[in-house]
Amino acid sequence: MFQLGKTIVSEDILEKDFVCNLAACKGACCIEGEAGAPVSKEETGILKKNYEAIKPFLRKEGIEAIEAQGAFIKTDLGELETPLVNGEECAYVTFTETGTASCGIEDAFNAGAVDFRKPVSCHLYPVRIQDYSEFAAVNYHRWPICDDACVLGKELQVPIYKFVKDALIRKFGENWYAELEKVAADY
């Protein structure tokens, strides 16, 4: 691990390769798991404010889940997340004709209906951020459903930090990312 500003960064994001392989996994990260996508307090307001603009891009089941649970939920541990459909996939998930999961929020963004791409936790994946009082931990989240993404990343020689470049800049800024690139060059 190394420190970069007010972050502690796992060397895994420099060492490990990763490129999403949707043809292989079909977007399983939006479907599997036990919880919705983590959202920040700021993002909860954005989701509430933009729900009506996002709604036309969602499935009936997702709309029902959001209207029953809210645009986001607060867990028993006080964490904020997207709601789930019947305890399974994210309520904002849509599916292509081939059955691949997509994001209704991102679909709305791509159509110009909203200026919010998707929760930063989704944009950053497979990187997860854990905020502490004095710093944020930047870690690689290993999940077997992403094994094909690791294989593809290795074939294409794309380290995690390059795969999630836009998301890391969105989260920490251009200067932070430039410093990360310097560390990576020296690594």
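See above for the structure.
Only a predicted model underlies this, so the values are computations on that prediction, with no experimental measurement involved.

Draft legend 1. Inspection of the sheet that holds strand β7 (residues 127-131) at higher detail. Read from one edge of the open sheet, four strands run β1-β2-β8-β7, paired in mixed fashion. Lying at the two open borders of the sheet, with one neighbouring strand each, are β1 (2-4) and β7. The average angle at which neighbouring strand axes cross in this sheet is 25°, direction not considered. Note: β7 against strand β8 (residues 136-140), five bridges, orientation antiparallel. Across the sheet, D131 pairs through a bridge with A136, a residue of β8. Helix α10 (residues 174-186) contacts β1, β2 (7-9) and β8 of the sheet and is inclined by roughly 150° relative to β1.

Draft legend 2. View of the packing of aromatic side chains. Taken as a whole and judged by the stated rule, the model has five aromatic pairs. Ring plane angle 75° and centroid distance 6.2 Å describe the contact between Y125 and W143, whose orientation is recorded as edge-to-face. With Y125 in the loop between α6 (120-124) and β7 and W143 in the loop between β8 and α7 (147-156), this residue pair connects regions lying 18 residues apart in the sequence.

Draft legend 3. Looking closely at helix α3 (residues 41-54). Taking 1.5 Å per residue, 14 residues should reach 20 Å; α3 reaches 19 Å between its end C-alpha atoms and fits that length. E43, T44, L47, N50, Y51 and I54 are the residues of α3 that are buried.

Draft legend 4. Spotlight on the pairing of β8. For β8, the buried fraction is high: four of the five residues fall into the buried class. Sheet topology places β2 next to β8; three bridges connect them, and they run parallel. Looking across to β8, one finds that V9 is bridged to V138. Here β7 hands over to β8 after four residues, the two strands then running antiparallel side by side.

Criteria and thresholds
Throughout this description, residue numbers start from 1 for each chain and increase along the sequence as written. It should be noted that, the model being predicted, local features are given only for residues of pLDDT at least 70 and side-chain atom pairs only at 80 or more, the latter also being counted only at that level, while totals for whole chains, interfaces and linings use all residues. Working from all heavy atoms in the structure, the side-chain values ignore hydrogens and water. DSSP bridges decide pairing: two strands pair if at least two such bridges lie between them. Numbering of helices and strands runs from the N terminus, with a helix taken as a DSSP run of H or I at least four residues long and a strand as a DSSP run of E at least two residues long. Interaxial angle, 0 to 180 degrees, is taken between N-to-C directions of lines fitted to C-alpha atoms, where a helix line uses only the stretch in contact. In what follows, a contact means two residues having at least one pair of non-hydrogen atoms within 4.5 Å. A pair of aromatic rings is counted whenever rings of Phe, Tyr or Trp (Trp by its six-membered ring) have centres within 6.5 Å, and the orientation is called stacked for planes under 30 degrees apart, edge-to-face for over 60 and tilted otherwise. Given the number of residues in a helix, its expected span is that number minus one, multiplied by 1.5 Å. When accessible area is computed with a 1.4 Å probe and restricted to protein chains, residues below 20% of their type maximum are described as buried, those above 50% as exposed, and intermediate ones as partly exposed.

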